[in-house]
Amino acid sequence: MPDKGFVHLHLHTQYSLLDGAIAFDKLFDRCKQLDMDTVAVTDHGNMFGAVEFYSTAIEHGIKPILGIEAYIAPASRFNKQKTRIKDASYHLILLAENNTGYHNLLRLTSAGFTEGFYYRPRIDKEILAQYKEGLICTSACISGEVARALANGNREHAYKAAQEYLDIFGKDHFFIEIQEHENSDAPNVRNELITLADELGIELVATNDVHFLNEDDHEAHDALTCISTGKKVIDENRMKYPPDVYLKTSREMREMFSDVPQACDNTLKIAERCSVKLDLKSRHAPKYTPTDGS
């Protein structure tokens, strides 16, 4: 199969605290080795590393795509009733298509911490609709609202949620994200997502939910997961990531999604559309005049 290229649009760095295990320099060196000239950052709920990611990528000759994996409240972000952490939010990928989108990501992440924080920095569909301009959205992983509903056998909820995101972002800016991982808890969700996308006329995008750089980094990342969750490696019933959420080659990704090649093609199209230019030379601190005029 010819290598037509692929761009990773769902990737967690070390700024996905105690969850991602990817350092920037090593990431961009690996991208160069794999002939990947573009890559996205989608850390969990924050943009702490965005400027460093951007500047380091430019230094390495890699095009950076700035994004987040946002936490979406099931209802209002102001609703903070007691519930399990898993039930308090869904995941959603947001990518900055341009500088307007980048500024809107900053607004959304700030609101997540200052208004919606409950277990995690959450936003909701109301504020998402308010700051949607310049953003490309994908439905995220198995913890996304659409995929989780399908995994739970609730097709009605899945279709309703997909339609709501479609209404917010429009057909050109919302994609159904599909993944394929070893030992998946919901092996049929991928096919159901493809069916849903076809019925609603939504384009697909393939990702690998990258959490560590190389295949043999899995054991170290597993130890990091134990630190994050307060468990021991020898514990049986604990959170474990699939062993294949590493930075796969474009050929690996193409082979994995050979039945839906357009899902890989769309990563290239999205990457081409995303272009954020940060001004790192100007001083951006606001001018502040005390009320007493001093």
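Just so we're clear, the structure is a prediction, and the values are computed from it rather than from any experiment. (Residues numbered from 1 in each chain as written. Predicted model: local features only at pLDDT ≥ 70, side-chain atom pairs only at ≥ 80, totals over all residues. Heavy atoms only, no water.)

### Some remarks on the packing of aromatic side chains
Part 1 of the reasoning: Scanning the model with the defined rule gives eight aromatic pairs in all.
Part 2 of the reasoning: Seen from their ring centres, F24 and F53 are 5.5 Å apart, and the 80° between their planes marks the pair as edge-to-face. Here the residue F24 occupies a position in helix α1 (residues 24-33), and F53 occupies one in helix α2 (residues 50-59), the gap between them amounting to 29 residues. Considered together, F24 and F53 belong to a single accessibility category, that of buried residues.
Part 3 of the reasoning: These aromatic residues form a ring-pair network of at least three members: Y15, F24, F28 and F53.
Part 4 of the reasoning: Above the ring of Y165, the side-chain terminus of K125 is found at 5.0 Å from the ring centroid. (Phe/Tyr/Trp six-rings, centres within 6.5 Å; stacked < 30°, edge-to-face > 60°. Helix = DSSP H or I, 4+ residues; strand = E, 2+ residues; numbered from the N terminus. Buried < 20%, exposed > 50% of the residue type's maximum accessible area, 1.4 Å probe, protein only. Lys NZ or Arg CZ within 6 Å of the ring centre and 35° of its normal.)

### Here's the deal with the pairing of strand β5 (residues 135-138)
Part 1 of the reasoning: Burial along β5 is two-sided: L135 and C137 and I136 and T138, pointing in opposite directions, are all buried.
Part 2 of the reasoning: Direction of pairing for strand β3 (residues 90-96) relative to β5: antiparallel, over a ladder of four bridges. Bridge assignment links L95 to a residue of β5, and that residue is I136.
Part 3 of the reasoning: With two bridges connecting them, β5 and strand β6 (residues 174-178) associate as parallel partners. Across the sheet, residue T138 finds its bridge partner in β6, namely F175. (Pairing = 2+ DSSP bridges.)

### Observations concerning a nonpolar patch on the surface
Part 1 of the reasoning: Together, L17, L18, F48, F113, F117 and I227 make up a nonpolar patch on the protein surface, roughly 610 Å² of accessible area in all.
Part 2 of the reasoning: When you line up the elements, F48 lands in the loop between β1 (38-44) and α2. (Patch = residues over 30% accessible without salt bridge, like charges linked within 9 Å, V, L, I, M, F, W, Y side chains within 5 Å. Areas by Shrake-Rupley, 256 points an atom, 1.4 Å probe, with all protein chains shown as cover. Salt bridge = Lys/Arg side-chain N within 4 Å of Asp/Glu carboxyl O.)

### Focus on the pattern of salt bridges
Part 1 of the reasoning: With the rule as written, the count across this model stands at 13 salt bridges.
Part 2 of the reasoning: Note that R273 is salt-bridged to E97, the shortest N-O span being 3.1 Å. With R273 in helix α10 (residues 261-273) and E97 in the loop between β3 and α3 (99-114), this pair connects stretches of sequence that are 176 residues apart.
Part 3 of the reasoning: Shared partners join several salt bridges into a network, and the residues in it are R77, E115, D124 and E126.

### Structural notes on the layout of surface pockets
Part 1 of the reasoning: One number sums up the size of the second largest pocket: a volume of about 160 Å³.
Part 2 of the reasoning: Lining the second largest pocket, in full, are V51, N99, Y102, H103, L106, K277, L278, D279, L280 and H284.
Part 3 of the reasoning: No other element matches the four residues that α3 contributes to the lining of the second largest pocket.
Part 4 of the reasoning: In terms of residue class, the lining of the second largest pocket is made up of five nonpolar, three polar and two charged. (1 Å grid on protein atoms, 1.4 Å probe; cavity = no way out; pocket = protein on both sides within 12 Å on 5 of 7 lines; lining within 4 Å. Points joined across faces, edges and corners; volume = space filled by probe spheres on them. Nonpolar A, V, L, I, M, F, W, Y, C, P; charged D, E, K, R; others polar.)

### Side note on unusual backbone geometry
Part 1 of the reasoning: Phi at D35 takes a positive value of approximately 60°, unusual for a residue other than glycine.
Part 2 of the reasoning: In this fold, D35 is placed in the loop between α1 and β1.
Part 3 of the reasoning: The backbone of A140 shows a phi angle near 70°, a positive value even though the residue is not glycine.
Part 4 of the reasoning: The residue A140 is located in the loop between β5 and α5 (145-151) in this model.
Part 5 of the reasoning: Classification of A140 by relative accessible area gives buried; the value is 2%.

### Thoughts on α2
Part 1 of the reasoning: Taken residue by residue, α2 has A50, F53, Y54, T56 and A57 as its buried positions.
Part 2 of the reasoning: Remark: G61 follows α2 within two positions and exhibits a positive phi of approximately 75°.

### Some thoughts on the packing of α1 against α2
Part 1 of the reasoning: Where α1 meets α2, the closest approach of the two axes is 10 Å, and the angle between their N-to-C directions is 40°. When the interaxial angle is binned, α1 and α2 end up oblique. For the element pair α1 and α2, the recorded crossing hand is right-handed. Together, F24, D25, L27 and F28 of α1 and E52, F53, T56 and A57 of α2 make up the contact between the two elements.
Part 2 of the reasoning: Per-class residue counts for the contact of α1 with α2 are five nonpolar, one polar and two charged. (Axes fitted to C-alpha atoms, helices over the stretch in contact; angles between N-to-C directions. Parallel < 35°, antiparallel > 145°, perpendicular 65-115°, else oblique. Left-handed = near helix turned anticlockwise from the far one by under 90°. Contact = heavy atoms within 4.5 Å.)

### Some details on the nonpolar core
Nonpolar side chains in soluble globular proteins generally cluster together in the buried interior.
Part 1 of the reasoning: With 69 residues, the main nonpolar core has L27, L66, L94, L128, F169, I176 and I178 as its most contacted residues.
Part 2 of the reasoning: It is helix α6 (residues 155-169) that contributes the most residues to this core, eight residues altogether. (Core = buried A, V, L, I, M, F, W, Y, C linked by side-chain atoms within 4.5 Å.)

### A short note on the packing of α6 against helix α7 (residues 189-200)
Part 1 of the reasoning: In the contact formed by α6 and α7, the axes pass within 11 Å of each other and the chain directions differ by 50°. The orientation of α6 with respect to α7, classified from their angle, is oblique. The interaxial crossing formed by α6 with α7 has right-handed handedness. Taking contact as the criterion, the partners of R155, A158, Y159, A162, Q163 and L166 in α6 are, on α7, E192, T195, L196, E199 and L200.
Part 2 of the reasoning: Taken together, the residues that form the contact of α6 with α7 break down as six nonpolar, two polar and three charged.

### Topic: the side chain of H211
Part 1 of the reasoning: Position of H211 among the secondary structure elements: in the loop between β7 (204-206) and α8 (218-229).
Part 2 of the reasoning: Under the relative-accessibility criterion, H211 is labelled buried at 1%.
Part 3 of the reasoning: Separated by 3.0 Å, the side chains of H211 and D19 make a polar contact.
Part 4 of the reasoning: A polar atom in the side chain of H211 sits 2.8 Å from the backbone oxygen of D209.
Part 5 of the reasoning: Among all residues touching H211, those that are not within four sequence positions of it are H12, D19, G20, A21, I22, H44, H221, Y241 and V245. (Polar contact = N/O pair within 3.5 Å; in protein donor to acceptor, adjacent residues only side chain to side chain.)

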